[in-house]
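In case you want the letters, here they are:
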Amino acid sequence: MRHRSWVSVLLLLTAATACSSGGATSQDGKTELTIATFNEFGYEELLKEYEAAHPDVKLTQRKTGQGAPHHQNLFTKLGAGSGLADIEAVEEGYLSQVMDKAGQFNDLAEIGPKIEDGRWLKWKTDAATKDGKQIGYGTDIGPLAMCYRKDLFEKAGLPSDPQAVKALFATWDSYFAAGDQFIAKSGGVAWFDSASQVFNAMHNQHELGYFDKSDKLVVDSNPAIKADWTAVTNAVAKGQSAKLVAWSNEWNSGFKAGAFATKTCPSWMLGVIEAQAGPENKGKWAVTDAFPNGGGNWGGSYLTVPKQSKNAKKAAEVAAWLTAPEQQIKAFKAKGTFPSQVKALDDPALLEQVNAYFGDIKAGALFAAQAKKVGAAQYKGPKDGQVQENVFSPALQSVEQGKSADEGWKTAVAEAQKVAK
């Protein structure tokens, strides 16, 4: 799955067409269940496999091309009280809004089949659990590593071997210090692509997001947020940012043109880089099993069963089966969705997966190790995604465009307070 639900351009897409609720019985007596997904979950063949093993069940997938219209439809149907699929996928960027409406979703620990403890990484399960109720079964994740251009490092006199560069990416201080060294000799090439892409990765490492656990806005009272802002905007002032808006045409072409040397790199970003940088840059990009200040996660989804479903118990059985380790490995092989299940992370099919574009590195093993470095799920309030996407991303872009860091911060605080009301 290529998770882009936090990106503002997707929020401009129109909502998906309304669909009726699932839970009907077909003329041949089969239980009809619907599953609503977005982007690529790798479920096409899995759904056929489930039907073959369960001849009394007919599954229909409602697949939306992008995350934003899928979730717009989800929240519209929640408000209307009808029209949702029996199983609804939820991306982590929207999870806090779903958890705020947890009463409209089934507790999967109650209605679902008994699942062994420890199926998922603990932080993955914790994020979808509220008041002891499990709202979602974890699908994929986006463990973070660092991608970089070997050739650009070499031209700037920096080490380029994946093991040798790890020291540069040990902490955010070392990362930005290496950026200063790079800029001094890069001939105009930037160190990173976008201030917001770096800031978001830094921010997601903290225990709390933009809200505390009582859903009070903490933008102006949490020193960690201001520290991240200062570090990133200082780097912008020193010329480290390419000042590109993520997912824009200019950002896409920046990979091919070599406009920047490093990229915060969740597992799914490898496919984005290969597609945008093109075959002519094969072997120039590398990825290393290091990320500043330890592990992090960016992306991933859950399967939920809304209370609107007329066959919630059977829907939970399907969702549990789809998120079992065996099926997640199959989904990974089909679409590259990185598993969140502990057993899957130790599966040879994952660990032996080689990425030729990035120098034949065992990318599966690399990201499996990175996933295990993530300690806990960050707490996000119901409006956390709005603050990140509609407040901090444009505020950081304004600094890249010439506004002072102090003025940008004041604007971000004021706009976040408006969103939080």
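Residues numbered from 1 in each chain as written. Predicted model: local features only at pLDDT ≥ 70, side-chain atom pairs only at ≥ 80, totals over all residues. Heavy atoms only, no water.

Going by the annotation in an unreviewed UniProt entry, the name recorded for the protein chain is Extracellular solute-binding protein, with Lentzea roselyniae given as the source organism.

Q: Please explain the pairing of strand β1 (residues 31-38) as it appears in this structure.
A: A regular strand carries its side chains on alternate faces of the sheet. Counting buried positions along β1 gives seven out of eight residues, so the element sits mostly inside the fold. Sheet topology places β1 next to strand β2 (residues 57-64); eight bridges connect them, and they run parallel. Paired with T37 across the two strands is K63, which belongs to β2. The pairing of β1 with strand β3 (residues 87-91) spans two bridges and is parallel. Its bridge partner lying in β3, I35 is registered against I87. (Buried < 20%, exposed > 50% of the residue type's maximum accessible area, 1.4 Å probe, protein only. Helix = DSSP H or I, 4+ residues; strand = E, 2+ residues; numbered from the N terminus. Pairing = 2+ DSSP bridges.)

Q: Help me understand helix α10 (residues 249-257) in this model?
A: One turn of the α-helix equals 3.6 residues, which is why residues spaced by three or four share an orientation. Residues W251, N252, G254 and F255 constitute the buried set of α10. When α10 is viewed along its axis, its buried side chains cluster within an angular range of 150° and face the same direction. Exposed side of α10, more than 90 degrees from the buried face: N249 and A257 are the residues found there. A positive phi of about 70° marks G258, the residue just after α10. (Arc of directions from axis to C-beta.)

Q: Help me understand the nonpolar core in this model?
A: Among the nonpolar cores identified, the biggest contains 84 residues, and F169, W191 and F392 are the most heavily contacted of them. Residues from two domains meet in this core; each of domain 1 (31-142 + 299-352) and domain 2 (143-298 + 358-420) gives at least three. The contacts of F169, once residues within four sequence positions are left out, are M146, Y148, F153, S174, Y175, W191, T262, T288, A290, F291 and P292. Of all hydrophobic cores here, the second largest spans 28 residues; its members include L47, V57, A89 and L108. (Core = buried A, V, L, I, M, F, W, Y, C linked by side-chain atoms within 4.5 Å. Domains from an automatic or database assignment. Contact = heavy atoms within 4.5 Å.)

Q: For this particular structure, what's the right way to read the pattern of salt bridges?
A: Side chains bearing opposite charge may pair, as long as their charged atoms lie close to each other. Here the structure, examined in full by the defined rule, presents 18 salt bridges. Here D126 and K122 are joined by a salt bridge, their closest N and O atoms 2.7 Å apart. Highlighted residues: D126 and K122, both in helix α5 (residues 122-127), separated by four residues, approximately one helical turn. With a relative accessible area of 36%, D126 lands in the partly exposed category. When salt bridges with common partners are traced through the structure, they connect E40, E44, K63 and K335 into a single cluster. (Salt bridge = Lys/Arg side-chain N within 4 Å of Asp/Glu carboxyl O.)

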